[in-house]
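Residue strings, one per chain:
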Amino acid sequence: MDCKERITASATMMTGKPVIKGTRITVELLLGKLSEGVTTQELLEAYPHLTKKDTLAALSYSADVI
């Protein structure tokens, strides 16, 4: 998956942290929630603007960065 289609970072938004395009949901937030045991379905319910592809992009982005 090309996470660049769904992830963006700008110094003027969320202090430059990578976010899901069109939202203020950071990759950091999603990874933190997933590491706490929150399921993808629970994330989608908690953040209605989020899609499954967005969560996969966040994981892909973190793998690319690491």
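Preceding this paragraph is the structure being described.
The structure displayed is predicted, hence computed values, not measured ones.

**What to know about unusual backbone geometry**
At Met 14, a residue that is not glycine, the phi angle is positive and equals roughly 50 degrees. Mapped onto the elements of the fold, Met 14 is located in the loop between strand 1 (7-8) and strand 2 (19-20). Note on Met 14: relative accessible area 27%, which makes it partly exposed. Backbone geometry at Thr 15 places phi at a positive 50 degrees, although glycine is not the residue there.

**Thoughts on the pattern of salt bridges**
Scanning the model with the defined rule gives 2 salt bridges in all. Linking Arg 6 and Asp 54 is a salt bridge whose minimum nitrogen-to-oxygen distance equals 2.9 Å. On the criterion of sequence distance, the pair formed by Arg 6 in the segment before strand 1 and Asp 54 in helix 3 (residues 52-65) is long-range, its members being 48 residues apart. Residue classification places Asp 54 among the buried positions, given a relative accessible area of 5%. Taking the shortest distance from any N to any O, the salt bridge between Glu 28 and Lys 17 comes out at 2.8 Å. You can see Glu 28 sitting in helix 1 (residues 27-35) and its partner Lys 17 sitting in the loop between strand 1 and strand 2, a full 11 residues away along the chain.

**As for the side chain of Thr 26**
With respect to the helices and strands, Thr 26 occurs in the loop between strand 2 and helix 1. Under the relative-accessibility criterion, Thr 26 is labelled buried at 8%. At a separation of 2.9 Å, a polar atom in the side chain of Thr 26 contacts the main-chain amide nitrogen of Leu 29. Discounting residues that sit within four places of it in the chain, Thr 26 has contacts with Met 14, Lys 17, Pro 18 and Val 19.

**A look at the environment of Leu 44**
The topology assignment puts Leu 44 in helix 2 (residues 40-46). Leu 44 sits 17 residues away from Tyr 61 along the chain, and the two C-alpha atoms are 18 Å apart. Not counting chain neighbours up to four residues away, the residues in contact with Leu 44 comprise Leu 50, Thr 51 and Lys 52.

Reading the values: rules and limits
- Just so you know, the residues in each chain are numbered from 1, in the order the chain's sequence is written.
- Reporting in this predicted model follows two pLDDT cut-offs: at least 70 for local features of residues, and 80 or more for side-chain atom pairs to be given and counted; totals over whole chains, interfaces and linings ignore these cut-offs and use all residues.
- Each side-chain value is worked out from all heavy atoms of the structure, with water and hydrogens disregarded.
- By definition, any uninterrupted DSSP run of H or I lasting at least four residues is a helix, any uninterrupted run of E lasting at least two residues is a strand, and each is numbered from the N terminus.
- Working definition: with a 1.4 Å probe on protein chains only, accessible area under 20% of the residue-type maximum means buried, over 50% means exposed, and in between means partly exposed.
- Take a side-chain nitrogen of Lys or Arg and a carboxyl oxygen of Asp or Glu: if they are within 4 Å of each other, that pair is a salt bridge.
- Each polar contact in these results corresponds to two N or O atoms within 3.5 Å; when the atoms are within protein, one needs to be able to donate a hydrogen and the other to accept it, and residues that are neighboring in sequence are counted only if both atoms are side-chain atoms.
- Residue contacts are counted whenever heavy atoms from the two residues lie within 4.5 Å of one another.

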